[in-house]
Amino acid sequence: VQLQASGGGLVQAGGSLRLSCAASGRTFSTYGMGWFRQAPGKQRELVAGITRAAMTTYADSVKGRFTISRVNAENTVYLQMNSVKPEDTAVYYCAAENGGTYYRNPKLYDYWGQGTQVTVSS
């Protein structure tokens, strides 16, 4: 499967942004999906994950501000980012996992998108 992330950009602190990740293939609904981010000098971390049954998880740092969702008919997973902070600045990646669940360990994902830059100005 191929993943194409989009929607990044420059946003002021307190603003909103919606990231999209479009997937190719007919079996998108069976994948677990994750949004990761990686800031310079830091490890890649799970921001939000969603199972094929639409169960979700979030990093503590984004709970209450970010929402992950999926529209299987569109082969797309979204990350709605509200009340963004300068510390949310990073390259954001979407990833797919064959087993239909999510993991915090990025090494357990099977497919990756190319990344989209999010920059939050103070």
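Residues numbered from 1 in each chain as written. Predicted model: local features only at pLDDT ≥ 70, side-chain atom pairs only at ≥ 80, totals over all residues. Heavy atoms only, no water.

A. Spotlight on the state of the cysteines. Enumeration over the complete set of coordinates arrives at one disulfide. For Cys21, the disulfide goes to Cys94, at an S-S distance of 2.1 Å. Note on the Cys21 and Cys94 pair: the S-S dihedral is about 65 degrees, so by sign convention the disulfide is right-handed. Linking Cys21 in strand β3 (residues 17–23) with Cys94 in strand β9 (residues 90–97), this pair joins segments that are 73 residues apart in sequence. Of the two residues examined, Cys21 and Cys94, each falls in the buried class. (Disulfide = S-S within 2.5 Å. Helix = DSSP H or I, 4+ residues; strand = E, 2+ residues; numbered from the N terminus. Buried < 20%, exposed > 50% of the residue type's maximum accessible area, 1.4 Å probe, protein only.)

B. Geometry of the pairing of strand β4 (residues 32–38). Within β4, six of the seven residues are buried, which leaves it mostly tucked inside the rest of the structure. Direction of pairing for β4 relative to strand β5 (residues 45–50): antiparallel, over a ladder of five bridges. Within β5, the position partnered with Gly34 by the bridge is Gly49. Here β4 hands over to β5 after six residues, with Gly41 in that stretch at a positive phi of 80 degrees. (Pairing = 2+ DSSP bridges.)

C. Geometry of the sheet that holds β3. Across the sheet, which stays open at both edges, the four strands sit in the order β1-β3-β8-β7 with antiparallel pairing between neighbours. Edge positions in the sheet fall to β1 (3–6) and β7 (66–71), since each has one partner strand and no second. Within the sheet, the average angular offset between the axes of one strand and its neighbour, ignoring direction, is 15 degrees. Relative to strand β8 (residues 76–81), β7 runs antiparallel, the two being bridged by six bridges. Across the sheet, residue Val71 finds its bridge partner in β8, namely Thr76. (Axes fitted to C-alpha atoms, helices over the stretch in contact; angles between N-to-C directions.)

D. Broad picture of the packing of aromatic side chains. Tallying each qualifying case throughout the model produces five aromatic pairs. Taking 5.9 Å as the distance between ring centres and 75 degrees as the angle between the ring planes, the aromatic pair formed by Tyr31 and Tyr111 counts as edge-to-face. Of the two residues, Tyr31 sits in the loop between β3 and β4 while Tyr111 sits in strand β10 (residues 111–112), which places them 80 residues apart along the sequence. Overall, the relative accessible area of 9% leaves Tyr31 in the buried class. For Tyr111, a relative accessible area of 26% corresponds to the partly exposed category. (Phe/Tyr/Trp six-rings, centres within 6.5 Å; stacked < 30°, edge-to-face > 60°.)

E. Here's a closer look at the pairing of β9. By the criterion of burial, β9 is predominantly enclosed, with seven of the eight residues buried. In this sheet, β9 lies alongside β4 in antiparallel orientation, the contact comprising seven bridges. The partner of Phe36 across the bridge, within β9, is Tyr93. Relative to strand β11 (residues 116–121), β9 runs antiparallel, the two being bridged by three bridges. Across the sheet, Val91 pairs through a bridge with Gln117, a residue of β11. Relative to β10, β9 runs antiparallel, the two being bridged by two bridges. When the sheet's bridge partners are listed, Ala96 is paired in β10 with Tyr111.

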